[in-house]
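Descriptive analysis of the structure
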Amino acid sequence: MTPEREQELLKKLADSVVNYDEDMAREGAHEAIDEGLSPRKAIFDGLVVGMQECGRLYEIQEYFVPELLMCADAMYAGLDLLRPLLKAQGEKPRGQVVMGVVQGDVHDIGKNIVKMMFDAAGFTVHDLGRDVPLDQFVEEQLRTDSDIVALSAMMTTTMLGMRNIIKMIRERNPKAKIMIGGAPVSEQVATMFGADGYAKDATNALKDAIAMISSLKDM
Amino acid sequence: MPTVIFQPSGRRGLVDEGTNLLDAARQLGVDIESVCGGVKVCGKCKIKIETGFFEKFGIDSRLSNLSAFLPDETDYLNEEEIADNYRLSCCAEVLGDLLVFVPEESRGAKQVVLETGKERVFNLNPAVRKYYIEMQAATLEDHRSDAERIKDALNAKYGLPRELNFDYPILRDLPTIVREAHWKVTVTVWNRQEIILVEPGLVQRSLGLAVDVGTTTVAAYLCDLHTGQVLVVDSMMNPQVRYGEDVLSRITYAMMNDDGLEKMHAAIIDGINTLARRMTEKLDLTPELILEVTLVFNTVMQHIALGIEPSHIGRSPFTAGTKEAQNIKARDLGIKVWKAANVHTLPVEAGFVGPDNVGVLIAEEPYKEPEKMRMVIDIGTNGEIDIGNAKRLLCTSCATGPALEGAQIKFGMRAAPGAIEKVRVDPETLEASYKIIGRDEWYPELKKADVKGICGSGIIDVVAELFKSGIIQKSGRFNMKLDSPRVRKGEDGRPEYVLAWADETSIGKDIAFTQGDVRAVQLAKSALYVGSRYLMEKLGAQNLDSVTLAGAFGSYIDKESAMLIGMFPDCDLDNVLAVGNAAGDGDKLALLDVGKREEAARIAREVEFVETAIEPDFQERFAAAMAFPHSTDKFPHIEHILAKVGKK
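Residues numbered from 1 in each chain as written. Chains lettered and ligands numbered in written order. Predicted model: local features only at pLDDT ≥ 70, side-chain atom pairs only at ≥ 80, totals over all residues.

Of regular secondary structure, chain A possesses 10 helices and 5 strands. Relative to the 2.2 N^0.38 estimate, which gives 17 Å for 219 residues, the radius of gyration of chain A is 18 Å and therefore close to what a compact globule would have. Referenced to the eigenvectors of the C-alpha coordinate spread, the extents of chain A come out at roughly 55 × 40 × 25 Å. For chain A, with 219 residues in total, the buried portion stands at 53%. Restricting the contact set of chain A to residue pairs at least 6 apart, pairs at least 24 apart contribute 75%. (Helix = DSSP H or I, 4+ residues; strand = E, 2+ residues; numbered from the N terminus. Rg over C-alpha atoms; globule rule 2.2 N^0.38 Å. Buried ≥ 20, exposed ≤ 12 C-beta atoms within 10 Å, placed from the backbone. Contact = placed C-beta atoms within 7 Å.)

Below, the structure written as structure tokens:
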């Protein structure tokens, strides 16, 4: 494949996500597979680049939750075709994340957006859903030996529960990285609770997910 | 201990070193806006440090008398403000003497409340009733006790049950009162159960107080229980606003501070006492003449006002400590009215759907509508929706957030003088005209507008107008290709529409409605829309026959604007009605008619609560409902307006 054709394909994949065009994403993925573009490249230099652009548009408030969810649909349309090839080639997941909305809280859109980014970036995500009992985070982390535990809370009242989970995880497995996020969480809260990282608020969840991913790349 | 002085109120006092300025303000009784309750995420609590030696006050105020600038603060303060010694009061800790200026926009403003609901018909049948009796004097032959004598007379003359019980404090003066009155007394009986007052001679006047404790606003109605008339109406900002503006930040305050619940409980009780004193004073009377109090509130305000631990109501599964209606002695709560008076609280429906929604229901009575599909929305920080009729009535609660009340909006404020309350945007010129609270003329006719911000009804108007004129698209995104100085990129590079230029304002800067503000309104209106659609589906209803908009700003709201942005499903606009504070009306009805209390108990049990946020397709629907008015649902009744949208 010529470098020009490769660039063209990668741009098509990225654009399909930005323009939330599922058909175009599928078409681009098929073309990539047929023409022998590495699935890894197609995902990370195509789809994920598109998702990062969505993140930027979200950050400057041009895109909003509906657009993001549609972008995600397009991304998954491409990912569903490309990911099995990645696995077949013996590509290992980049890492494992345990994720969930803490007990008492049922607001999970922010968490779903972050999850989508981890998915895209090649992580294995163990999504515990919402209103997750505190113990379950600890048990799931130990069971899967995940690198990261990501906790989300939308309400100040439930955010307070994060402190206990962090303490419990630290006691059982001091190596696990803990990230917290959600509308009421701030850097102070993250520091006070002893987390390793934080996503500033729900509206910035996507951007922060990207930041988390790039910091993990360096790990 | 350092001295801190707040201007313009001039309040001063000593505070512990390390106290943040927001807490210092609370301690000294200064109201600073704090939407988030001091967790550094709202940026509303900006203050300015005045530096120098102030001889008049005897203090040397220096910037170095505050803790270091935090990164969080740069998110909310621009360079100019930072250079001008602005800080966020929740971030800055006191290390030495300080003179602090609270700018107008950060001050807790005086609220304008809708106090006039619609006329409602009711039976005058209060819980508290007066009975005049004349008794035979005690003799050696007839040595019944004074109490027995009263009970016998009440039974003989009015058929009241013999098992009446005297509230203990009444017994203490009883022997003196009956004798001084020559055995002719007026006895006040509560609910045909309890004697709460014995007065000499014939007395008719009987006062009751209905209080609607809102998260933001407390509205009170002093009523004559003998005539059913409302004598005085008054309101105040909920004094707990100092501890956080929404219910969750108040719960958090209670969870984070050992004395948090106690402080907030004391604040609201003090507020109610102030109202009772102020309102009776207007009639040259005293609060001791108030013989019954009724309260409505949302479930969180209920818990705090009654001093019940509120932590568990703030998290899933959102269980209340108690749901039943209560009758509590006013003295047990510290409410200073007649010492034997009772406080009646309406019941809770479920979770966040509290006594205030029961108040709305007994005022609006959708359960008496035989056929038609009625919808009643009570708009507040938490929106409550009821849909149905006599056959079946469903309710749900939606986390709308405080955007529709002016919080989380860049120049948002509560409904107070100086707030923009109505907006029109010319679709040709894209020029704005607006009306502010407290003035009759509209800008631009109004020359010196002194605008301070924009309140809930103005927020709904501006979004609808921006959409109608094509400045924002159906998706909520600004159209930046328009040629108007009002449509621009703000300091942060994000799109905004300038509603009022700096010289029209009293805050010295352009008041703009930003892309982020549009997004906050989209989240709120989408929550309401999705909630109502779920209820309609569960009822099998295709259409709504009528929509009632209640809420502290319910009757200022422009119903066409509300429908244009898609706050509720399509309905004939002629059948959309704004009724004002229906919760307060329900509270008054419960004060004046015990029948309404029975109705409240019944309806609180019968209305079916639906938890909508956990529906599997909630996220999808929530996203679809964010467009104006909706991405797919049709609005035939406003089709003629929608057809013209964005077409110059």
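Resuming the write-up.
Our focus in this paragraph is the pairing of strand E18 (residues 374–378) of chain B. All names here are of chain B. With 5 of its 5 residues buried, E18 lies for the most part within the structure. Of the two faces of E18, the one holding Arg374, Val376 and Asp378 and the one holding Met375 and Ile377 are both buried throughout. Summarising the sheet, E18 and strand E19 (residues 383–388) pair through 5 bridges and their orientation is antiparallel. Along E19, the bridge assignment pairs Val376 with Asp386. Remark: 4 residues form the turn of the hairpin made by E18 and E19, two consecutive strands paired antiparallel. Sheet analysis places E18 next to strand E28 (residues 546–550), joined by 5 bridges and oriented parallel. Among the inter-strand pairings, Arg374 is bridged to a residue of E28, identified as Ser546. (Pairing = 2+ DSSP bridges.)

This part covers the domain arrangement of chain B. Residues and elements named next belong to chain B. Examined at the domain level, chain B breaks down into domain 1 (3–106), domain 2 (128–200), domain 3 (211–345), domain 4 (364–402 + 521–642) and domain 5 (405–514). Computed from C-alpha atoms alone, the centre-to-centre distance between domain 1 and domain 3 is 30 Å. When its residues are assigned to classes, the side of domain 1 that touches domain 3 shows 2 nonpolar, 2 polar and 2 charged. (Domains from an automatic or database assignment. Nonpolar A, V, L, I, M, F, W, Y, C, P; charged D, E, K, R; others polar.)

At the interface, 27 residues of chain B touch 23 residues of chain A. Looking at the side of chain B that touches chain A, the elements that each hand over two or more residues are helix H2 (71–74), helix H6 (247–256), helix H12 (515–539) and helix H16 (618–624) of chain B. The biggest single contributor to the side of chain B that touches chain A is H6 of chain B, with 5 residues. Of the residues in the side of chain B that touches chain A, the class split is 11 nonpolar, 10 polar and 6 charged.

All names here are of chain B. Looking at chain B as a whole, its pLDDT mean stands at 89, while 95% of the residues score no less than 70. No element of chain B has a lower mean pLDDT than strand E4 (residues 52–54), which averages 71, and none a higher one than strand E17 (residues 342–345), which averages 98. Scoring of the predicted complex yields 0.79 for pTM and 0.74 for ipTM. (pLDDT = per-residue confidence, 0-100.)

What follows concerns the nonpolar core. Core analysis: the biggest nonpolar cluster contains 235 residues, and Ile454 and Leu499 of chain B have the highest contact counts within it. Ala24, Ile59, Leu88 and Cys90 of chain B belong to the second largest nonpolar core, which has 23 residues in total. (Core = buried A, V, L, I, M, F, W, Y, C linked by C-beta atoms within 7 Å.)

All names here are of chain B. Spatially, the 4 strands line up as an open sheet ordered E8-E10-E11-E9, and their pairing is mixed. A single partner strand is all that each edge strand has here, and the edge strands are strand E8 (128–134) and strand E9 (165–166). Inspection of the sheet shows strand E10 (residues 184–190) paired to strand E11 (residues 194–200) by 6 bridges, in the antiparallel sense. The partner of Thr186 across the bridge, within E11, is Glu199. With respect to the sheet, helix H4 (residues 146–158) is in contact with E8, E9, E10 and E11, its orientation differing from that of E8 by roughly 100°. Where helix H5 (residues 168–180) meets the sheet, it contacts E9, E10 and E11, and its direction lies at approximately 30° from that of E11. (Axes fitted to C-alpha atoms, helices over the stretch in contact; angles between N-to-C directions.)

The next subject is the sheet that holds strand E12 (residues 207–213) of chain B. Residue and element names in this part refer to chain B. Within the open sheet, the 6 strands sit side by side as E14-E13-E12-E15-E17-E16. Their pairing is mixed. What marks the edges here is a single partner per strand, and that holds for strand E14 (230–237) and strand E16 (326–329). Adjacent strand axes in the sheet meet at a mean angle of 20°, parallel and antiparallel pairs treated alike. Note: strand E15 (residues 290–297) against E17, 4 bridges, orientation parallel.

Residues and elements named next belong to chain A. When cut into domains, chain A gives domain 1 (3–88) and domain 2 (95–217). Placing a centre on the C-alpha atoms of domain 1 and another on those of domain 2 gives a separation of 25 Å. If you list the elements that add at least two residues to the side of domain 1 that touches domain 2, you get helix H3 (39–59) and helix H4 (65–88). With 7 residues, H3 is the single largest residue contributor to the side of domain 1 that touches domain 2. Of the residues assigned to the side of domain 1 that touches domain 2, the class counts are 9 nonpolar, 2 polar and 1 charged.

What follows covers helix H2 (residues 22–34) of chain A. Residues and elements named next belong to chain A. The end-to-end C-alpha distance of H2 is 18 Å, a good match for the 18 Å that 13 residues give at a rise of 1.5 Å each. Contact partners of the buried residues in H2: helix H1 (3–18), H3 and H4. Gly36 sits one or two residues past H2 and shows a positive phi near 80°. (Expected span 1.5 Å × (residues − 1).)

Moving on, we come to helix H10 (residues 355–364) of chain B. Residues and elements named next belong to chain B. Burial analysis of H10 places 10 of its 10 residues in the buried class, which makes it a mostly covered element. Those residues of H10 that sit buried are Pro355, Asp356, Asn357, Val358, Gly359, Val360, Leu361, Ile362, Ala363 and Glu364. Directly beyond the C-terminal end of H10, a positive phi value near 50° is found at Glu365.

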